[in-house]
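This is what each chain is made of:
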Amino acid sequence: MDKVYQIAVFVSDHGFGHGTRTCSVLKEIVKLVTCELTIFSNLPSWFFDQNLGKATKFKHYQFKVDIGLIQNGPFIHDVKKTIKLLIEFLEFKSCEVENIEEICSKQSHDLIISDISPLGIHLADKLNIPSVLVENFTWEWIYEEYRKEFPDIEFVIMLMKRIYERVNLRIQATPFCNKISSAIPVPPISRKLKEKPYEIKKKLGIPIFSKVFLITTGGIFKKVYSADKMAKHEDCTFICSSEEPEIRHEKNLISLPLKSEIHYPDLVNTSDLVVGKVGYGTLAECWLTDTPLLGCFRENFRESHILQEYANKHLHSHELSVDEFEKMNWIERAIGILEISKREKLLSKVNGAEVAAQSIAKFISKINR
């Protein structure tokens, strides 16, 4: 009988991108390794139920395992508050940390995977458990940009760097920000598709020839749309996330709850254009589906410059200012983009989730010989 490996997974709740990336990799790992997963993340349980599915065995403990960068909305950061919380968090002495450590000790984990929680790597080192880091950036690299304005962050950068250096296996998901020579590079990691565009349109009542625009704020809800402006374009359908508990139709605007039965990558694939904030998950899913992008790239977030450069080279990408996005001054331009964009489905793309899972499975076999 095959050994059942106990794998602990620590996932940042800075947006949904770390969570979707991790779930993509975990779904591939369970195909290669007989394992049980214990997930520690402040993301809600429904998120993992939705993205891992019933076939994947896991337990979820909703704990704060990462501070990241405190946000006041999709585009505004609070660096001062971030530093204050980080100095306390990185002592790893809170009751939550003690509870997590106790769970890890009792369950005798064979491996800890982190995206990009420093706590997971700290506990792996402390408990002598092999560790894997999946990243396209690490926090100390992000914080370096704030050194001049916030000198107190230097101490945090030093602590974070030491923690990330302790990892046993490092996987860098394209487009990654800071190349590490010992790391394994993989293609962009994205969730796989489930349904065809015509099936999604049927479910949502979208006319078959309607132009579909998907509006995204990157998992952090903010109303950035005007139903009246959208209604002027009857041949278009606009889809956005909302805090409503159910799907709501208002003229040609469809509001979807974050906890929706519609698989988000299928929405991306159904859309003629994705509009809004660009994080790793949005970029990877546009890349996988060859969906054109009219994106807001945050000027004060270091990763955005890397994502923007990659989008310009490898996607049908166009840029949009935050002001234009929030004031809805982009519809005519978006329609014009569709007239010049030639969307071609490339079937030869390799999803980085499969490559990452193969590397992790190989690592597991080595450490347990």
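Described in the following lines is the structure provided in the data block. (Residues numbered from 1 in each chain as written. Predicted model: local features only at pLDDT ≥ 70, side-chain atom pairs only at ≥ 80, totals over all residues. Heavy atoms only, no water.)

1. Brief notes about the overall build of the chain
For step 1, the next point in the chain: Looking only at helices and strands, the chain has 15 helices and 14 strands in total.
For step 2, the next point in the chain: For the chain, the C-alpha radius of gyration of 21 Å lies close to 21 Å, the compact-globule estimate for 369 residues.
For step 3, the next point in the chain: Counting only residues that meet the buried cut, the chain has 56% of its 369 residues in that class.
For step 4, the next point in the chain: In the chain, 67% of the contacts between residues at least 6 apart in sequence involve partners at least 24 apart.
For step 5, the next point in the chain: When the accessible surface of the chain is totalled, it reaches about 17000 Å², and 50% of it is carbon and sulfur. (Helix = DSSP H or I, 4+ residues; strand = E, 2+ residues; numbered from the N terminus. Rg over C-alpha atoms; globule rule 2.2 N^0.38 Å. Buried < 20%, exposed > 50% of the residue type's maximum accessible area, 1.4 Å probe, protein only. Contact = heavy atoms within 4.5 Å. Areas by Shrake-Rupley, 256 points an atom, 1.4 Å probe, with all protein chains shown as cover.)

2. Looking at helix H7 (residues 153-164)
What sets the pattern is the α-helix's 3.6 residues per turn: residues three or four places apart point alike.
For step 1, the next point in the chain: With 12 residues, H7 ought to run about 16 Å at 1.5 Å a step, and its terminal C-alpha atoms sit 17 Å apart, in line with that.
For step 2, the next point in the chain: Residues of H7 that are buried include every one of Ile153, Val156, Ile157, Met160, Ile163 and Tyr164, and no others. One side of H7 holds all its buried residues, which, seen down the axis, span an arc of 130°.
For step 3, the next point in the chain: Here the buried face of H7 lies against helix H3 (79-89), helix H5 (118-126), strand E5 (131-135), helix H6 (139-143) and strand E6 (169-173). (Expected span 1.5 Å × (residues − 1). Arc of directions from axis to C-beta.)

3. Quick look at unusual backbone geometry
For step 1, the next point in the chain: That bond from Asp115 to Ile116 is cis: its omega, -20°, falls within 30 degrees of zero.
For step 2, the next point in the chain: Relative to the helices and strands, Ile116 is located in the loop between strand E4 (111-115) and H5.
For step 3, the next point in the chain: The omega angle of the peptide bond from Thr174 to Pro175 is 0°, so this bond is cis rather than trans.
For step 4, the next point in the chain: Here Pro175 lies in the loop between E6 and strand E7 (184-186).
For step 5, the next point in the chain: Although it is not a glycine, Ser108 adopts a positive phi angle of roughly 50°.
For step 6, the next point in the chain: Note on placement: Ser108 falls in the loop between helix H4 (95-107) and E4.
For step 7, the next point in the chain: A positive phi is found at Met328, a non-glycine position, where the angle reads about 60°.
For step 8, the next point in the chain: Along the chain, Met328 turns up in the loop between helix H13 (322-326) and helix H14 (331-340).

4. Considerations on a nonpolar patch on the surface
For step 1, the next point in the chain: Side chains of Ile87, Phe155 and Met158 sit close together on the surface and give an oily, nonpolar patch of about 250 Å² of accessible area.
For step 2, the next point in the chain: Looking at where Ile87 falls in the secondary structure, it is placed in helix H3.
For step 3, the next point in the chain: On the accessibility criterion, Ile87 (37% relative accessible area) is partly exposed. (Patch = residues over 30% accessible without salt bridge, like charges linked within 9 Å, V, L, I, M, F, W, Y side chains within 5 Å. Salt bridge = Lys/Arg side-chain N within 4 Å of Asp/Glu carboxyl O.)

5. Here we look at the sheet that holds strand E8 (residues 211-216)
For step 1, the next point in the chain: Strand order in the open sheet formed by seven strands is E10-E11-E9-E8-E12-E13-E14, and the pairing between neighbours is mixed. Single-partner strands in this sheet number two, and they are strand E10 (248-250) and strand E14 (317-319). Adjacent strand axes in the sheet meet at a mean angle of 20°, parallel and antiparallel pairs treated alike.
For step 2, the next point in the chain: Two strands pair when backbone bridges link them, and strand E9 (residues 236-242) and strand E11 (residues 253-257) are joined in this way by five bridges, in the parallel orientation. Across the sheet, Cys240 pairs through a bridge with Ser255, a residue of E11. (Pairing = 2+ DSSP bridges. Axes fitted to C-alpha atoms, helices over the stretch in contact; angles between N-to-C directions.)

6. Side note on the pairing of E5
For step 1, the next point in the chain: In terms of burial, E5 is largely enclosed, as five of its five residues are buried.
For step 2, the next point in the chain: Burial along E5 is two-sided: the face carrying Ser131, Leu133 and Glu135 and the face carrying Val132 and Val134 are both buried.

7. Considerations on the environment of His14
For step 1, the next point in the chain: With respect to the helices, strands and loops of the structure, His14 is situated in the loop between strand E1 (5-11) and helix H1 (17-32).
For step 2, the next point in the chain: Classification of His14 by relative accessible area gives buried; the value is 14%.
For step 3, the next point in the chain: Separated by 109 residues in sequence, His14 and Leu123 have C-alpha atoms that sit 20 Å apart.
For step 4, the next point in the chain: Setting aside anything within four residues of it in sequence, one finds His14 in contact with Leu69, Gln71, Trp139, Arg298 and Phe301.
For step 5, the next point in the chain: Within polar-contact distance, the side chain of His14 engages the side chain of Gln71 at 3.1 Å. (Polar contact = N/O pair within 3.5 Å; in protein donor to acceptor, adjacent residues only side chain to side chain.)

8. Some remarks on the layout of surface pockets
For step 1, the next point in the chain: Each pocket or cavity is described by its volume, and for the second largest pocket that value is around 280 Å³.
For step 2, the next point in the chain: Residue lining of the second largest pocket: Asp49, Gln50, Gly53, Lys54, Lys194, Glu195, Lys203, Lys259, Ser260, Glu261, His263 and Asp266, and that is the complete set.
For step 3, the next point in the chain: Classifying every residue of the lining of the second largest pocket gives no nonpolar, four polar and eight charged. (1 Å grid on protein atoms, 1.4 Å probe; cavity = no way out; pocket = protein on both sides within 12 Å on 5 of 7 lines; lining within 4 Å. Points joined across faces, edges and corners; volume = space filled by probe spheres on them. Nonpolar A, V, L, I, M, F, W, Y, C, P; charged D, E, K, R; others polar.)

9. Some details on the packing of H1 against helix H15 (residues 352-367)
For step 1, the next point in the chain: Running from N to C, H1 and H15 point in directions that differ by 50°, and their axes come no closer than 8 Å. With respect to H15, the axis of H1 lies oblique. Like other packed secondary-structure pairs, H1 and H15 cross with a definite hand, here right-handed. Here Ser24, Val25, Glu28, Ile29 and Leu32 of H1 come into contact with H15, specifically with Ala353, Glu354, Ala356, Ala357, Gln358, Ile360 and Ala361.
For step 2, the next point in the chain: Among the residues forming the contact of H1 with H15, the class breakdown is eight nonpolar, two polar and two charged. (Parallel < 35°, antiparallel > 145°, perpendicular 65-115°, else oblique. Left-handed = near helix turned anticlockwise from the far one by under 90°.)

10. Structural notes on the state of the cysteines
For step 1, the next point in the chain: For the coordinates displayed, the defined rule picks out zero disulfides.
For step 2, the next point in the chain: Note on Cys23: no disulfide assigned, nearest cysteine sulfur contributed by Cys35 at a separation of 13 Å. (Disulfide = S-S within 2.5 Å.)

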